[in-house]
Amino acid sequence: MRFSVHYVPARIVAARDISPTVRMIEIAPEGGAQSWTPGAHINLSLPIGDSGETRSYSLIGEAHPQVYRIAVKRDDNGRGGSRYMHGCEVGARLNVSEPHNNFDLSWQGTHYVLVAGGIGVTPIHSMALALAKRGAKVTVLQAARSRAELAFADDLSAALGDNIRFFVSDEGKRIDATAEVAALPADAEIYLCGPLSLVDAFRKAWRDGGRPMSRLRSETFGSSGAFAAEPFKVRVPALGIEVDVPADRSMADALEDAGVAVMTDCKRGECGLCAVDIVSCEGEIDHRDVFLSDHERHENTRICACVSRVAGGAISIDTGFRTDAQQGVGF
Ligand code: FES
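What counts as what
Residues numbered from 1 in each chain as written. Predicted model: local features only at pLDDT ≥ 70, side-chain atom pairs only at ≥ 80, totals over all residues. Heavy atoms only, no water. Domains from an automatic or database assignment. Contact = heavy atoms within 4.5 Å. Buried area = accessible area lost by both parts, 1.4 Å probe. Salt bridge = Lys/Arg side-chain N within 4 Å of Asp/Glu carboxyl O. Polar contact = N/O pair within 3.5 Å; in protein donor to acceptor, adjacent residues only side chain to side chain. Helix = DSSP H or I, 4+ residues; strand = E, 2+ residues; numbered from the N terminus. Axes fitted to C-alpha atoms, helices over the stretch in contact; angles between N-to-C directions. Parallel < 35°, antiparallel > 145°, perpendicular 65-115°, else oblique. Left-handed = near helix turned anticlockwise from the far one by under 90°.

Caption draft 1: Up close: the domain arrangement of the chain. Partitioning the chain into structural domains gives domain 1 (7-97), domain 2 (112-220) and domain 3 (232-318). Using C-alpha coordinates to define each centre, domain 1 is positioned 26 Å away from domain 3. With nine residues of domain 1 at the contact, the number on the domain 3 side is nine residues. In this assembly, domain 1 packs against domain 3 so that about 680 Å² is buried in total across both faces, 32% of it on carbon and sulfur atoms. Of all residues in domain 1, Glu-53, Ser-56 and Arg-79 bury the most surface against domain 3, accounting for 57% of the area lost on that side. For the pair domain 1 and domain 3, the number of links is zero salt bridges. Joining domain 1 to domain 3, the criterion identifies two residue pairs in polar contact (both at pLDDT 80 or more). Sorting the residues of the side of domain 1 that touches domain 3 by element identifies β3 (41-46) and β4 (53-58) as the ones contributing at least two each.

Caption draft 2: Inspection of the packing of helix α2 (residues 121-134) against helix α3 (residues 153-160) at higher detail. Two elements in contact, α2 and α3, have axes whose closest approach is 10 Å; the angle formed by their N-to-C orientations is 20°. When the interaxial angle is binned, α2 and α3 end up roughly parallel. By crossing handedness, the relation of α2 to α3 is classed as left-handed. The segment α2 lies against α3, with Val-121, His-125, Ala-128, Leu-129 and Ala-132 engaging Asp-155, Leu-156, Ala-159 and Leu-160.

Below, the structure is given as structure tokens:
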């Protein structure tokens, strides 16, 4: 059950590779593009799977009156969205939502630190350009496996000068979250987007350093978990239902396919709308969201059904959804 997202027909008007695995795509919605703020994303409705699926992509650059620009990293082991987007030609038609922002800048900081891991550079790109344009004090830390995978590095260097540092793991250089956080002024704000391991390392360093969590904001990719995606079973005892979740489907989508309503919005593990109560679990819960608190993740009381998974077993949940018969509703 998608949470009130409105789609309009659109067309791909430009596409080009900006790294060996990342493609930049321009999408022109009918009637023009809406304005958006740095950190925003759009949802695309893609004709993949049995009934079509939606994917969210951060907007890059600056707002434009005619087009939205996104960058998509190809993931051959993913759920198919990136393969589809890399296969699209200019002129291809698809449906696009209006922009939404769950990762916006406070605009009240005195020192911003933006940390990008891999394709996590996409929201950081728009934030960095906007902050630099306003003359704000901003530092960017960008990490990638190889130098060729440092997407938008030239753009960002041009805007930020010496205020960007690169970390290339193939060259033996990784971000030391503890050292970076320790070196920041007390009033710094930090914005993170990257794999869960990077986000978790900074969250821990931030918390251990006694800094207010209100000054840390993060996004991650639903595809980055502690375990490889594998099939598992989800049971909903209140409805007497058991559903198989394939490795390439989310729990929320598999439940929807089985007729079990799950409220969703971002489908990226950010908004928390899809969080459901855990009744029991056989196996390891792989929390892949950035919405639940560390305490909730540790206690395993709730799970974000749009991105999080179970490794090696099954989970029983309560979605809060009840059939009309269970609610005693009849006509
Ligand atoms: S739909 Fe937003 S966290 Fe799952």
